[in-house]
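Structural description and commentary
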There are 2 protein chains.
Amino acid sequence: MAEIESLVHLAEQFGRLSGIGRKSAMRMAYSLLDFSDEEAAEFARAIVEAKTNIHFCPICQNLTDRDVCYVYNDLDRDRSVICVVEDARAVLSLEKVREYRGLYHVLHGVISPVNGITPDKLKIKELISRLDESVQEVIVATNPTVEGEATAMYLSRLIKPLGVKVTRLAYGIPVGADLEYADEVTLFRALEGRRDF
Amino acid sequence: MAEIESLVHLAEQFGRLSGIGRKSAMRMAYSLLDFSDEEAAEFARAIVEAKTNIHFCPICQNLTDRDVCYVYNDLDRDRSVICVVEDARAVLSLEKVREYRGLYHVLHGVISPVNGITPDKLKIKELISRLDESVQEVIVATNPTVEGEATAMYLSRLIKPLGVKVTRLAYGIPVGADLEYADEVTLFRALEGRRDF
């Protein structure tokens, strides 16, 4: 079937999506052939429309289809706290908790010199420019990976001297998980961060 | 982020692909936003082009972007054997083996009354019309599922009376697999189909 050029070409497009391997991409291309012509046209239109309508909020760098994003636009939010995340997906996850009422700042990546991602490639300059006297705390919510940690450390060193409190999300055993299955680093962090009853 | 309509709409399109759940679809929609405008336009174009160019081969019902599919077009193939498969993906898998030199017939599904798929919804009529005196064997290569088995049985009852030999792919332990991990049905079939050295 390698002979069907437009099928291979379509699979290549699916394969460009992050986390999609060659086999999955081919499966998706086949699956798309089961769509009606109208459904396929709708899919194609949705791609172009999403790219056209969605851009970064000029303040939070969050994704939005308006002038500024809905979080920043919400006048009920606590403007003294900014939660820094790696990507817009993290905003979605945190918003689901319905607990956090502050603002966000999306870095669009983490520092990773090996991959050529230096601090100037991230939205760090934009974050610093938001830190006026109204901001009292920056919560660094990058992922607990090596790069996420390094980025958190970098931000903390940059922001603390400006007189703004910098905090990090707590590490520990995920709720509902069994101690037996927690990795050692998580357990170590859970012990380290233990709290009084 | 539920507020970004075009993102949700795009995720819905990905979610229509078979085997893609809501979370994966959303992840893909986000990932697509990382594409450049040109890449996104290329993706959209690839979808429309694949749908426009690819159709069923009028003989094999295999997918093709030509008048008849490349297998049927290949004059070196053995025209006395037809291998019946559920979908075009199976043709691709079998072609990879480079062992089979006969023709194919794609049913585009299996009989499944529960899902409203009766024999007339499949390309069975088209298969029967191909069975002239030149065809000596029909290999039924539907999947070893309940529906695949039922379809194989149905085809065998339909075709045998026409004087054409009907065979089924062998069942057994997959090469490289450990007996310990084979399920009982597979083991039973492997014993049943045992061969002399």
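Let us look at the structure shown here.

What about the packing of aromatic side chains?
Note on aromatic pairs: each is described by the distance of the centres and the angle between the planes. In this structure the tally under the stated criterion is 9 aromatic pairs over all chains. Ring geometry for Phe 43 of chain A and Phe 14 of chain B: centres 5.1 Å apart, planes at 85 degrees, overall edge-to-face. One end of the pair, Phe 43 of chain A, is in helix H3 (residues 37–53); the other, Phe 14 of chain B, is in helix H1 (residues 5–15), on a second chain. For Phe 14 of chain B, a relative accessible area of 0% puts it in the buried group. Sitting above the plane of the Tyr 171 of chain A ring, Arg 189 of chain A keeps its charged end 4.4 Å from the centroid.

As for helix H3 (residues 37–53) of chain B
With 17 residues, H3 of chain B should cover 24 Å at 1.5 Å per step; its first-to-last C-alpha distance of 24 Å lies within 8% of that length. Within H3 of chain B the residues assigned to the buried category are Ala 40, Phe 43, Ala 44, Ala 46, Ile 47, Ala 50 and Lys 51 of chain B. The buried side chains of H3 of chain B occupy one side of the element, clustering within an arc of 150 degrees when seen end-on. Across from the buried face of H3 of chain B, at angles greater than 90 degrees, the exposed residues are Glu 38 and Thr 52 of chain B. On its buried face, H3 of chain B is in contact with helix H1 (5–15), helix H2 (22–33) and H3 of chain A together with H1 and helix H2 (22–33) of chain B.

As for the packing of H2 of chain A against helix H5 (residues 88–97) of chain B
For the pair H2 of chain A and H5 of chain B, interaxial distance at closest approach is 10 Å and the crossing angle is 140 degrees. On the side of H2 of chain A, the interface is formed by Arg 27, Tyr 30 and Ser 31 of chain A, while H5 of chain B contributes Ala 88, Arg 89 and Leu 92 of chain B. Grouping the amino acids of the contact of H2 of chain A with H5 of chain B by side-chain chemistry returns 3 nonpolar, 1 polar and 2 charged.

How each quantity is defined
- Residues numbered from 1 in each chain as written.
- Chains lettered and ligands numbered in written order.
- Predicted model: local features only at pLDDT ≥ 70, side-chain atom pairs only at ≥ 80, totals over all residues.
- Heavy atoms only, no water.
- Phe/Tyr/Trp six-rings, centres within 6.5 Å; stacked < 30°, edge-to-face > 60°.
- Helix = DSSP H or I, 4+ residues; strand = E, 2+ residues; numbered from the N terminus.
- Buried < 20%, exposed > 50% of the residue type's maximum accessible area, 1.4 Å probe, protein only.
- Lys NZ or Arg CZ within 6 Å of the ring centre and 35° of its normal.
- Expected span 1.5 Å × (residues − 1).
- Arc of directions from axis to C-beta.
- Contact = heavy atoms within 4.5 Å.
- Axes fitted to C-alpha atoms, helices over the stretch in contact; angles between N-to-C directions.
- Nonpolar A, V, L, I, M, F, W, Y, C, P; charged D, E, K, R; others polar.

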